[in-house]
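# Report on the structure
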Amino acid sequence: QFLMIKSILNAPHYLWGDHCEGWQLCLADNLSVIQENMPPGTKEQMHFHQRCLQVFYILQGTACFYLDQDYYEVNAGESIQILAGQKHYVQNTTEEDLKFLVISQPSTHRPPIDRVNID
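Structure report, in brief. (Residues numbered from 1 in each chain as written. Predicted model: local features only at pLDDT ≥ 70, side-chain atom pairs only at ≥ 80, totals over all residues. Heavy atoms only, no water.)

### So, the layout of surface pockets
- Of the volumes computed, that of the largest pocket is approximately 310 Å³.
- Considering the residues around the largest pocket, the lining is formed by 21 residues, among which Glu36, Glu44, Thr108, His109 and Arg115 are closest to the centre.
- Mapped by element, the contributors of at least two residues to the lining of the largest pocket are strand E1 (13-16), strand E3 (31-38), strand E4 (47-49), strand E5 (53-60) and strand E10 (98-105).
- A per-class count over the lining of the largest pocket returns eight nonpolar, nine polar and four charged. (1 Å grid on protein atoms, 1.4 Å probe; cavity = no way out; pocket = protein on both sides within 12 Å on 5 of 7 lines; lining within 4 Å. Points joined across faces, edges and corners; volume = space filled by probe spheres on them. Helix = DSSP H or I, 4+ residues; strand = E, 2+ residues; numbered from the N terminus. Nonpolar A, V, L, I, M, F, W, Y, C, P; charged D, E, K, R; others polar.)

Structural data, given as structure tokens:
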């Protein structure tokens, strides 16, 4: 039986973007669950995923999502679903850290990588 209790204290950690960070709570071929932190004023690059369905669940703060030419504010305790092929990015326009879970199926961190960045 496999049991591993993970948190930001013991999960694999990585940095991305402008001082943003993530912790890989679950990383399998068909699923990834990552807790991420975005400091105030940060934004990721516009992109889409070829195969991946993602659900962002906000733990703390308010996220501003650009999704298919519209903007959505998503608050703590709320989630937003991003379908494969939808152009999107998330940004933190507030003065507090934005903390959220990114649940991806299949995983976006296993080959083949399906993220396509848009300039």
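### Points about the sheet that holds E3
- With respect to topology, six strands assemble into an open sheet ordered E1-E2-E3-E10-E5-E8, the strand pairing being antiparallel. Each edge of the sheet is formed by a strand with only one pairing partner; in this case those strands are E1 and strand E8 (79-82). Averaged over all pairs of adjacent strands, the angle between strand axes in this sheet comes to 25 degrees, irrespective of strand direction.
- Two elements, E3 and E10, share seven bridges in a ladder whose sense is antiparallel. Residue Asn37 lies in a different strand from E10, and its bridge partner there is Lys99. (Pairing = 2+ DSSP bridges. Axes fitted to C-alpha atoms, helices over the stretch in contact; angles between N-to-C directions.)

The values are spatial; any link to function lies outside them.
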